[in-house]
Amino acid sequence: MLTQTTSRVLEPSDLDAALAVLDREPVANAFVTSRVRIAGLDPWRLGGEMWGWYEDGMLTSLCYAGANLVPICATPRAVRAFADRARRAGRRCSSIVGPAGSTADLWRLLEPQWGPARDVRRRQPLMVTDSLPSGIVPDPYVRRVRKDEMETLMPACVAMFTEEVGVSPLAGDGGLLYQARVAELVGSGRAFARFDTDGKVVFKAEIGAATDRACQIQGVWVAPEYRGTGVAAPGMAAVLRYALADVAPVVSLYVNDFNTAARRAYTRVGFQEVGAFMSVLF
């Protein structure tokens, strides 16, 4: 019997209750929802534990504890419970990421034990759209990446990750996990790119998380020599066209607030700010 307020590690039998919480905010929770719908709540398949917070015997908040620590629909009391559990377990994640308010509260409680962080990005606008822009023609040269183009795509993916996160994805395991993730996106038809006449990547982006209600574009990158030449907005419009036609009725992304060029391109394509995420990088 659960006490009135308690937290615990969820089990596979808790799947329906967990999905009910995740479905309350389909855009913000797209990343975790997509994983849970594929893997369920078994920690080995999910790649981490799902912590649950109960009030009056009902599951009301979640926290995914894997490579990322992600608070989900987390009330202030839930955040405190998740912070206690995280402190006891010790830091095993490479980042804390989620809605700005609950993530800031979680980091404030964890920083004395887990700090200092390598980087704290306190405000990353969450942007969404459900339609194609009227004034921008999608780049006809942006297309799905084929499996035999993985070797061509990988250097662009590594460059994007290193620019975005500040460390190379090839560190540690030599990039095996990262390469497997890129291969998964290519294999599922969710990696897109424009190649120049020499076969080099000009623009790329992936649909990194997908549910039947929302999907999330990630990994947007323009080759340095093409920046400022106007390829980003038509490229994004092309990826958006694929996403809306083939994946989900709502498309989202989040972006660093200091990346004014990217924010301008996303706004031109019709994305509107609906909230903010926060990331703590270790």
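If you're wondering where the values come from, they're calculated on a predicted model, not measured in any experiment.

Now for the sheet that holds strand β10 (residues 215-222). Strands sit in the order β1-β2-β3-β4-β5-β12-β6-β11-β10-β9-β8-β7 across an open sheet of 12 strands; the sheet is mixed. Lying at the two open borders of the sheet, with one neighbouring strand each, are β1 (5-9) and β7 (143-144). With 5 bridges connecting them, β1 and strand β2 (residues 49-55) associate as antiparallel partners. Among the inter-strand pairings, Val9 is bridged to a residue of β2, identified as Trp51. Contacts between helix α5 (residues 100-114) and the sheet are confined to β4 (68-72), β5 (95-99), β6 (119-129) and β12 (272-281), with β5 contributing the most and set at about 155° to the helix.

Note the cis peptide between Gly115 and Pro116, where omega equals -5°. In this fold, Pro116 is placed in the loop between α5 and β6.

It is worth spelling out empty space enclosed by the protein at this point. Enumeration over the complete set of coordinates arrives at 1 cavity of 30 Å³ or more. If you add up the space inside the largest cavity, you get close to 40 Å³. Forming the boundary of the largest cavity are Asp23, Pro26, Thr33, Arg37, Thr211, Asp212 and Arg213. Residue composition of the lining of the largest cavity, grouped by class: 1 nonpolar, 2 polar and 4 charged.

This brings us to the pairing of β12. Inspection of the sheet shows β5 paired to β12 by 5 bridges, in the antiparallel sense. Its bridge partner being in β12, Pro99 is matched across the sheet by Phe277. Summarising the sheet, β6 and β12 pair through 8 bridges and their orientation is antiparallel. Following the sheet pairing, Met127 is matched in β12 by Glu273.

Within the secondary structure, Gln216 sits in strand β10. Excluding residues within four positions of it along the chain, Gln216 makes contact with Glu206, Ile207, Gly208, Ala209, Ser252, Leu253 and Tyr254.

The complete set of buried residues in helix α9 (residues 260-268) reads Ala262, Ala265 and Tyr266. Around the axis of α9, the buried residues are gathered within 100° of arc, so they sit on the same side. Away from the buried face of α9 by more than 90 degrees, exposed residues Thr260, Arg264 and Arg268 are located.

In contact at an axis separation of 11 Å, helix α6 (residues 150-165) and helix α7 (residues 176-187) are set at 120° when each is read in the N-to-C sense. Relative to α7, α6 is oriented oblique. Our pair here, α6 against α7, has a crossing hand that is right-handed. Between α6 and α7, the residues in contact are Met150, Leu153, Met154, Cys157, Val158, Met160 and Phe161 and Tyr178, Gln179, Val182, Ala183 and Val186, respectively. Among the residues forming the contact of α6 with α7, the class breakdown is 11 nonpolar, 1 polar and no charged.

Inspection of every chain in the model, using the stated rule, returns 0 disulfides. Note on Cys93: no disulfide assigned, nearest cysteine sulfur contributed by Cys63 at a separation of 8.9 Å. The exposure class of Cys93 is buried, given its relative accessible area of 6%. Summary of cysteine pairing: Cys157 is not part of a disulfide, and the nearest cysteine sulfur, belonging to Cys215, is at 18 Å.

Here the second largest pocket defines a volume of roughly 260 Å³. As for the second largest pocket, its lining consists of 17 residues, of which Gly48, Glu49, Ala65, Gly66 and Arg92 are closest to the centre. For the lining of the second largest pocket, the elements supplying multiple residues, two or more each, are α3 (43-46), β2, β4 and α4 (76-89). Looking at side-chain class alone, the lining of the second largest pocket contains 10 nonpolar, 4 polar and 3 charged residues.

What counts and what doesn't
Residues numbered from 1 in each chain as written. Predicted model: local features only at pLDDT ≥ 70, side-chain atom pairs only at ≥ 80, totals over all residues. Heavy atoms only, no water. Pairing = 2+ DSSP bridges. Helix = DSSP H or I, 4+ residues; strand = E, 2+ residues; numbered from the N terminus. Contact = heavy atoms within 4.5 Å. Axes fitted to C-alpha atoms, helices over the stretch in contact; angles between N-to-C directions. 1 Å grid on protein atoms, 1.4 Å probe; cavity = no way out; pocket = protein on both sides within 12 Å on 5 of 7 lines; lining within 4 Å. Points joined across faces, edges and corners; volume = space filled by probe spheres on them. Nonpolar A, V, L, I, M, F, W, Y, C, P; charged D, E, K, R; others polar. Buried < 20%, exposed > 50% of the residue type's maximum accessible area, 1.4 Å probe, protein only. Arc of directions from axis to C-beta. Parallel < 35°, antiparallel > 145°, perpendicular 65-115°, else oblique. Left-handed = near helix turned anticlockwise from the far one by under 90°. Disulfide = S-S within 2.5 Å.

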